[in-house]
Amino acid sequence: MLALENVDAFYGKAIALQGVSIHVGRGEVVSLLGRNGAGKTTTLRTCMGLLPCASGRRVLAGENVTRLGPHQLSRRGLAYVPEDRQVFPNLSVEENLAVAGVAHPSGPWTLERVYELFPRLRERARSNAMSLSGGEQQMLSIARAVLTNPQVLMLDEPSEGLAPLVVCAVRDAIVALNSAGMAIVLVEQKLAIPLEISHRLYVMDHGSVAWTGTPEEFRSNRLHVEQRMTV
Ligand SMILES: Nc1ncnc2c1ncn2[C@@H]1O[C@H](COP(=O)(O)OP(=O)(O)OP(=O)(O)O)[C@@H](O)[C@H]1O
Ligand SMILES: [Mg+2]
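Each chain has its residues counted from 1, running along the sequence as written. Each chain takes a letter, starting from A, and each ligand takes a number, starting from 1, following the order in which they are written. Predicted model: local features are reported for residues with pLDDT of at least 70 only, side-chain atom pairs are reported and counted for 80 or more only, and whole-chain, interface and lining totals are derived from all residues. Just so you know, side-chain values use all the structure's heavy atoms and leave hydrogens and water out.

Quick look at unusual backbone geometry
At step 1: Phi at N6 takes a positive value of approximately 55°, unusual for a residue other than glycine.
At step 2: Numbered from the N terminus, helices here are DSSP runs of H or I no shorter than four residues, and strands are runs of E no shorter than two. Among the structural elements, N6 can be located in strand β1 (residues 2–11).
At step 3: A positive phi angle is found at N149, which is not glycine, with a value near 50°.
At step 4: Secondary-structure assignment places N149 in the loop between α6 (134–146) and β7 (152–156).

So, the pattern of salt bridges
At step 1: Salt bridge, as applied in this entry: a Lys or Arg side-chain nitrogen positioned within 4 Å of an Asp or Glu carboxyl oxygen. Enumeration according to the criterion identifies 10 salt bridges in this entry.
At step 2: The salt bridge involving E28 is made with R200; its shortest N-O contact spans 2.7 Å. In this pair, E28 sits in the loop between β2 (14–24) and β3 (29–33) while R200 sits in strand β9 (residues 200–205), placing the two residues 172 residues apart along the sequence. Like E28, the residue R200 is buried in the burial classification.
At step 3: Where E63 meets R76, a salt bridge forms, and the shortest distance between an N and an O atom there is 2.7 Å. On the criterion of sequence distance, the pair formed by E63 in strand β5 (residues 63–64) and R76 in the loop between α2 (70–75) and β6 (78–81) is long-range, its members being 13 residues apart.
At step 4: Here's how the labels work: a residue is buried when its accessible area is under 20% of the maximum for its type, exposed when over 50%, partly exposed in between, all with a 1.4 Å probe on protein chains only. The class of E63 is partly exposed, set by a relative accessible area of 39%.
At step 5: Within the structure, one salt-bridge network assembled from shared partners comprises R120, E123, R124 and E136.

Structural notes on the site of ligand 1
At step 1: Neighbouring residues are identified by heavy atoms, a residue being near a molecule or strand if any of them is within 4 Å of it. In the region of ligand 1, the neighbouring residues are Y11, R35, N36, G37, A38, G39, K40, T41, T42, E157 and Q189.
At step 2: One of the backbone N or O atoms of G39 is found 2.9 Å from an oxygen atom in ligand 1.
At step 3: Whenever a nitrogen or oxygen atom comes within 3.5 Å of another N or O atom, the pair is scored as a polar contact, on the condition that within protein one atom can donate a hydrogen and the other can accept it, and that pairs from neighbouring residues in sequence are kept only if both atoms are in side chains. For ligand 1, an oxygen atom lies 2.7 Å from a polar atom in the side chain of T41.
At step 4: Accessible areas in this description were obtained via Shrake-Rupley with a 1.4 Å probe; residue shielding takes into account the shown protein chains only. Computed on the free molecule, ligand 1 has an accessible area of 630 Å², of which 56% lies beneath the protein chains in the complex.
At step 5: Ranked by residue count, the leading element in the shell around ligand 1 is helix α1 (residues 40–47), at 3 residues.
At step 6: We call Asp, Glu, Lys and Arg charged. Ala, Val, Leu, Ile, Met, Phe, Trp, Tyr, Cys and Pro are nonpolar, and the rest, Gly among them, are polar. Residues of the shell around ligand 1, tallied by class, amount to 2 nonpolar, 6 polar and 3 charged.

Comments concerning α6
Each turn of an α-helix holds 3.6 residues, which means side chains three or four residues apart point in the same direction.
At step 1: Under the 1.5 Å per step criterion, the end-to-end length of α6 is 18 Å for 13 residues, consistent within 8% with the ideal 18 Å.
At step 2: Only heavy atoms enter the contact rule, under which two residues are in contact if any of them lie within 4.5 Å. Where the residues of α6 are buried, they touch β6, α3 (93–101), α4 (111–117), α5 (119–123), β7 and α7 (164–179). Expected span, for any helix, means 1.5 Å times one less than how many residues it has.

Any functional reading would require information that these geometric values do not contain.
Structure (structure tokens):
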């Protein structure tokens, strides 16, 4: 569904990604793991076209989309929930959700279905996004991305800073979206959820993929994998 093939990316003159190849197939959940500064967020931003591929290719649904920008990629079925959530603070929950559906193909994910995924958002529909808890803002941010009816949903540390119960709600939502056919790219620093719900993992280090395999392979090679991640 989505792939980076041998991609280099730069922040100014500093190289941020070097020869990165990752892919997510139809119906898959893949997770990107790695320490602070490993290049996980940069990889998602490069997938979304927020950072250009200096070399290599970006492919979406079998098509070479290396030169397309974020809006074009979004219309073709790619969605990104950034770490800082980026909800519109002065709009209500339902206004935030109404904005999301504009200029996107209609599909299975309607407002009603998104409220079923996150019942808490229905209760808070009229509230200002600014007044939401961190967990509610994360749900809103995911809900907005889902309303664009993406083929591939990318999430940057969605459980970061959330209470355990909310972390479970977010995990269950990701599993439900994937069961409904959405391919998922999940970035996490903590291992528990990626090991539980991913089909495959990528461990990043210094802007490159240091290791890739299944959660089962990760568990049985953990020492070896961690040795390949420099401190
Ligand atoms: N806007 C930027 N300008 C310059 N360098 C940046 C910028 N954003 C990130 N970097 C650098 O690129 C490298 C990769 O950062 P990135 O944010 O992708 O890491 P990460 O794996 O997401 O880390 P974290 O777990 O802390 O979120 C780091 O060395 C970081 O300092
Ligand atoms: Mg990051």
